[in-house]
Amino acid sequence: MGRLLHKQLAGIELAGFSLAGEETTVVAPEYNVAFDVGRAPREIISIDNVCLSHGHMDHAAGVAYYFSQRNFIGNAPGRVIVHIDLAQALQRLMDVWGDIEGHPSPGTIEGVEHLQDVEIRRNLIVRPFNVNHAASALGYSLIERRHKLKPEFIGKTGPQLVALKREGIAIEGTTEVVLLTYTGDTAVGRFLELDFVAKSRALLIECTFFDPEHRDRAVAGRHIHVVDLPEVLAAIPDAQIMLTHMTHRTDLRQAKRILEGVVSSSDLERISFLMERPPRNERPRRQR
Ligand SMILES: [Zn+2]
Ligand SMILES: [Zn+2]
């Protein structure tokens, strides 16, 4: 039995699990991308691209298992995308695991920096951006590039367009659709000012603390407290939002009541919780 919850956010199928200090991983199977590896649950092994947000154990523990399992079941080597400052240390970890297991597990560890796009497949990229948490923490936006006829050429016939192309005129422009943004762990920060983040259709963002007495803990650990959410909502006005990284002690019903007191009723409608189990009749059928 997999332990991930199956969800939809702005039309995107997601499978995930997220509890602060324990495990966080979110898989988007149709895009062949996962965000954080958690403890490498079964569902992540077949995913070719894993974007690691930072080095804390609850997000990164499963890296070696992910590479090793793919090798074991005969999948092509996986790819882990991570802040460049963590790439060497992760490689050393894999080298040590090679010594322990008696053979290396092939895989690519790709170090990236703020705004260094990574191609996932044709017309699909992830764009990393700095967040406000541990050193070397990154969020990621999953972005689709769409090619559109430039407005000045709309209404031209097929042969006319072909003729223009032959003349070397670029008849198409590219637009970016920001399908989803995953922040990993973070406090509010400058990343909220990034234009592509603001345009996200779906946002997975942490909200670790709800208790009014835990504001100082949120500040100390550079996490989001529920009172910070209005700032997030104002910065990212159109996104469907899913909250991650709650603690064991968070009572979901109580968290919702607190949330109701903090955000407007229209904003409330676009917020959901990753760790909320869907009602029985809405649960998707288990897929093989
Ligand atoms: Zn965490
Ligand atoms: Zn963390």
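In this text the structure is predicted, and so the values were computed from the model without any measurement.

Caption draft 1: Structural view of the overall build of the protein chain. Each helix and strand in the protein chain was counted, giving 9 helices and 14 strands. Its C-alpha radius of gyration of 21 Å places the protein chain within 12% of the 19 Å reference for a compact globule of 288 residues. Principal-axis analysis of the C-alpha atoms places the extent of the protein chain at approximately 65 × 55 × 40 Å.

Caption draft 2: Quick look at the sheet that holds strand S12 (residues 202–206). Taken together, 7 strands build an open sheet; the order of strands is S8-S9-S10-S11-S12-S13-S14 and the sheet is mixed. The open sheet has two edge strands with one neighbour each: strand S8 (118–121) and strand S14 (271–273). On average, each strand axis in the sheet is tilted by 30° relative to the strand beside it, whichever way the strands run.

Caption draft 3: View of the sheet that holds strand S5 (residues 49–51). Strand order in the open sheet made by the 7 strands is S1-S2-S3-S4-S5-S6-S7, with mixed pairing throughout. Here the strands that pair on one side only, and so sit at the sheet edges, are strand S1 (5–9) and strand S7 (107–112). Direction aside, neighbouring strands of the sheet carry axes that sit 25° apart on average. Sheet topology note: the strand S6 (residues 78–83)/S7 ladder contains 6 bridges and is parallel.

Caption draft 4: View of unusual backbone geometry. Positive phi outside glycine occurs at Leu-115, with the angle close to 70°. Within the secondary structure layout, Leu-115 lies in the loop between S7 and S8. In the Ramachandran plot, His-245 falls in the positive-phi region, its phi being about 70° despite a non-glycine side chain. Residue classification places His-245 among the buried residues on the basis of 27 C-beta atoms within 10 Å.

Caption draft 5: Quick look at the environment of Ile-224. Note on placement: Ile-224 falls in the loop between helix H6 (215–221) and helix H7 (229–235). On the basis of neighbour counts, which here come to 26 C-beta atoms within 10 Å, the residue Ile-224 falls in the buried class. Along the primary structure Ile-224 and Phe-210 are separated by 14 residues, whereas in three dimensions their C-alpha atoms are 9.1 Å apart. Not counting chain neighbours up to four residues away, the residues in contact with Ile-224 comprise Thr-186, Ala-187, Val-188, Ile-205, Glu-206, Cys-207, Thr-208 and Ala-218.

Caption draft 6: Looking closely at the packing of helix H2 (residues 63–72) against helix H3 (residues 84–101). With their axes 10 Å apart at the nearest point, H2 and H3 run at an angle of 55° to one another. On the basis of their axis angle, the class for H2 and H3 is oblique. The handedness of the crossing between H2 and H3 comes out as right-handed. Along its contact with H2, which presents Val-63, Ala-64, Phe-67 and Ser-68, the element H3 presents Leu-90, Leu-93, Met-94, Trp-97 and Glu-101. Classifying every residue of the contact of H2 with H3 gives 7 nonpolar, 1 polar and 1 charged.

Caption draft 7: Layout of the nonpolar core. Among the nonpolar cores identified, the biggest contains 67 residues, and Ala-34, Val-37 and Val-50 are the most heavily contacted of them. Among all residues touching Ala-34, those that are not within four sequence positions of it are Thr-25, Val-26, Val-27, Ile-44, Ile-47 and Val-50.

Rules of the game
- Residues numbered from 1 in each chain as written.
- Chains lettered and ligands numbered in written order.
- Predicted model: local features only at pLDDT ≥ 70, side-chain atom pairs only at ≥ 80, totals over all residues.
- Helix = DSSP H or I, 4+ residues; strand = E, 2+ residues; numbered from the N terminus.
- Rg over C-alpha atoms; globule rule 2.2 N^0.38 Å.
- Pairing = 2+ DSSP bridges.
- Axes fitted to C-alpha atoms, helices over the stretch in contact; angles between N-to-C directions.
- Buried ≥ 20, exposed ≤ 12 C-beta atoms within 10 Å, placed from the backbone.
- Contact = placed C-beta atoms within 7 Å.
- Parallel < 35°, antiparallel > 145°, perpendicular 65-115°, else oblique.
- Left-handed = near helix turned anticlockwise from the far one by under 90°.
- Nonpolar A, V, L, I, M, F, W, Y, C, P; charged D, E, K, R; others polar.
- Core = buried A, V, L, I, M, F, W, Y, C linked by C-beta atoms within 7 Å.

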